[in-house]
Amino acid sequence: MGFERTRESLHGIAELLLAGPQYRRDGTIRLRVVAWAIATVTEPELRVDHLNVWASGTPVAVGGASYAELGSRLGVVAGAPEGLYGEGSGAQLADRPQVDPDVALELLGALYRGDQALRAFAPEQTPVLWPEHFDVGITVDEANYGVSLGDGYLDEPYMYVGPHKPRSGEFWNAPFGAARPLPATSSAGGIEEIAEFFTEGRRLAGV
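Going along each chain's sequence as written, the residues are numbered from 1 onward. The predicted nature of this model means local features are confined to residues of pLDDT at least 70 and side-chain atom pairs, given and counted, to a pLDDT of 80 or more, with totals for whole chains, interfaces and linings taken over all residues. Only hydrogens and water are removed before side-chain values are computed, so all heavy atoms of the structure are retained for them.

**Quick word on the overall build of the chain**
In plain terms, the rule: Under the DSSP-based scheme used, a helix requires at least four consecutive residues in state H or I and a strand at least two consecutive residues in state E, with every element numbered from the N terminus. For the radius of gyration, the atoms used are the C-alpha atoms, and the globule rule reads 2.2 Å times the number of residues raised to 0.38. For every residue, the accessible area (1.4 Å probe, protein chains only) is compared with the maximum for its type, and the residue is labelled buried under 20%, exposed over 50%, or partly exposed between those bounds. The contact criterion used is simple: two residues touch if any of their non-hydrogen atoms lie within 4.5 Å. Under the convention used here, a 1.4 Å probe and the Shrake-Rupley method define accessible areas, while residue burial counts only the protein chains that appear. Counted charges follow a simple rule, with Lys and Arg positive, Asp and Glu negative, and His plus the chain ends left uncounted. Charged side chains are reduced to one point each, which is NZ for Lys, CZ for Arg, CG for Asp and CD for Glu.
Each helix and strand counted, the chain has four helices and ten strands in total. If you list the helices and strands of the chain from N to C, you get α-β-β-β-β-β-α-α-β-β-β-β-β-α. Against the 2.2 N^0.38 benchmark of 17 Å for 207 residues, the chain shows a C-alpha radius of gyration of 17 Å, consistent with a compact globule. The C-alpha extent of the chain, read off along each of the three principal axes, is 50 × 35 × 30 Å. Here the chain holds 207 residues, and the buried ones make up 50% of them. When contacts within the chain are restricted to residue pairs at least 6 apart in sequence, those whose partners lie at least 24 apart make up 56%. Counting only carbon and sulfur atoms, one obtains 49% of the accessible surface of the chain, whose full area is about 9600 Å². Of the side chains in the chain, 16 bear a positive and 28 a negative charge, and the two mean positions are spaced by 4 Å.

**Points about the packing of helix 1 (residues 3-26) against helix 3 (residues 101-121)**
Two numbers describe a pair of packed helices, the interaxial angle and the distance between the axes. Our working rule: Lines fitted to C-alpha atoms define the axes, with helix axes restricted to the stretch in contact, and inter-axis angles between N-to-C directions lie between 0 and 180 degrees. For this classification, under 35 degrees means roughly parallel, over 145 means roughly antiparallel, 65 to 115 means roughly perpendicular, and everything else is oblique. For a crossing to be left-handed, the near helix must be turned anticlockwise from the far one by less than a right angle; the clockwise case is right-handed. All residues other than Ala, Val, Leu, Ile, Met, Phe, Trp, Tyr, Cys, Pro, Asp, Glu, Lys and Arg, Gly among them, are scored as polar; the first ten of these are nonpolar and the last four charged.
Orientation of helix 1 relative to helix 3, taken along the N-to-C sense of each, is 60 degrees, at an axis distance of 9 Å. Put simply, helix 1 runs oblique to helix 3. With respect to the hand of their crossing, helix 1 and helix 3 are arranged in right-handed fashion. For the pair helix 1 and helix 3, contact is made by Phe 3, Thr 6, Arg 7 and Leu 10 and by Val 103, Ala 104, Leu 107 and Leu 108, respectively. Looking at the contact of helix 1 with helix 3 residue by residue, the class counts come to six nonpolar, one polar and one charged.

**Looking at the packing of helix 1 against helix 2 (residues 67-74)**
Between helix 1 and helix 2, the least distance of the axes is 11 Å, while the angle of their chain directions is 50 degrees. Relative to helix 2, the element helix 1 lies oblique. Where helix 1 crosses over helix 2, the handedness of that crossing is right-handed. Contacts from Glu 8, Ser 9, Gly 12, Ile 13, Leu 16 and Leu 17 in helix 1 reach Tyr 67, Leu 70, Gly 71 and Leu 74 in helix 2. Among the residues making up the contact of helix 1 with helix 2, the classes are represented as six nonpolar, three polar and one charged.

**Some words on the environment of Glu 4**
In this fold, Glu 4 is placed in helix 1. Owing to a relative accessible area of 43%, Glu 4 belongs among the partly exposed residues under this scheme. Between the C-alpha atoms of Glu 4 and Arg 25, which are 21 residues apart in sequence, the distance is 30 Å.

**Section: the pattern of salt bridges**
Stated formally: Whenever Lys or Arg places a side-chain nitrogen within 4 Å of a carboxyl oxygen from Asp or Glu, that contact is recorded as a salt bridge.
What the rule picks out here adds up to eight salt bridges. For Arg 7, the salt bridge goes to Asp 155, with nearest N and O atoms at 2.6 Å. Of the two residues, Arg 7 is situated in helix 1 and Asp 155 in the loop between strand 8 (143-148) and strand 9 (158-163); the sequence distance between them amounts to 148 residues. For Arg 7, a relative accessible area of 10% gives the class buried. The partner of Glu 200 in a salt bridge is Arg 203, with the nearest N and O atoms 2.7 Å apart.

**What to know about the packing of aromatic side chains**
Threshold: Between rings of Phe, Tyr and Trp, where Trp is taken as its six-membered ring, a pair exists when centres lie within 6.5 Å; planes separated by under 30 degrees are stacked, by over 60 edge-to-face, and by other angles tilted.
The tally for this structure, following the rule as stated, stands at twelve aromatic pairs. With 4.7 Å between their ring centres and 50 degrees between their planes, Phe 121 and Tyr 145 make a pair best called tilted. Separated by 24 residues along the polypeptide, Phe 121 in helix 3 and Tyr 145 in strand 8 bring together distant segments of the chain. Considered together, Phe 121 and Tyr 145 belong to a single accessibility category, that of buried residues. Pairing Tyr 158 with Phe 176 gives two aromatic rings, centres 6.3 Å apart and planes at 25 degrees, and the pair type is stacked. Here Tyr 158 is found in strand 9, whereas its partner Phe 176 is found in the loop between strand 9 and strand 10 (178-181), with 18 residues between them in sequence.

Following this line, the structure appears as C-alpha cells:
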C-alpha cells in the first residue's frame, strides 16, 4: 500500500466522514490539524489518525470497511458536503479506504508541521484544513499560505504562497505563486524553515 493510496484515503475520510457530517450538522466544512491527526472544529468531535477514525473518543478501525460502513459505525451519515465545490477527493461511499500506518504518520506529520509553521508565521490566524484540496492554510493580506500533501501540480507534500494577484521573479515558480517541497526534517528546524518560506513570500509579494 503506497503513498498515493494512503493520501487519497485520508482525503476521502476527511471529506466524507469528517467535513460532510459536520457540515450537515453545523454548517461548516472547516477542519483542524492536531498532533498527527485531523479533526472537526465542532463537537462532538470526529477525528482520524494513522490507524482509526474516532467519534467522541471511540475508535473505529479503517481497514476493510467502506466509507458508508465506517460512517454507520461512527454514528454519522457518510458523504461529502453538497453544493459547495466542484472538486474533491473523488471518493465514493462504496469505496474502501486503505491506509498504510507509516505513510499516514508521515502525511499527518507534514500537515502538523505546516500548521505549526503557519501559527509561528501569523500567530493571529487560525489555520484551517480544507477538505476540497486537502491542504492546511491561512489568508493574510491578499495572499494564501499553506501546506499541501500533494496534487496535480506536485505529487509530494509542499509548502506554498499564493498571492491573489500574480507576481513575477525567481521566487514565483508555480502557476499560483510559489511552491517548495517540504523540508525533509520533522524537527523544530523544519517548522522554522517552512515559516521562513512564508515570511519570504510575504516580503516578496509586497503585502
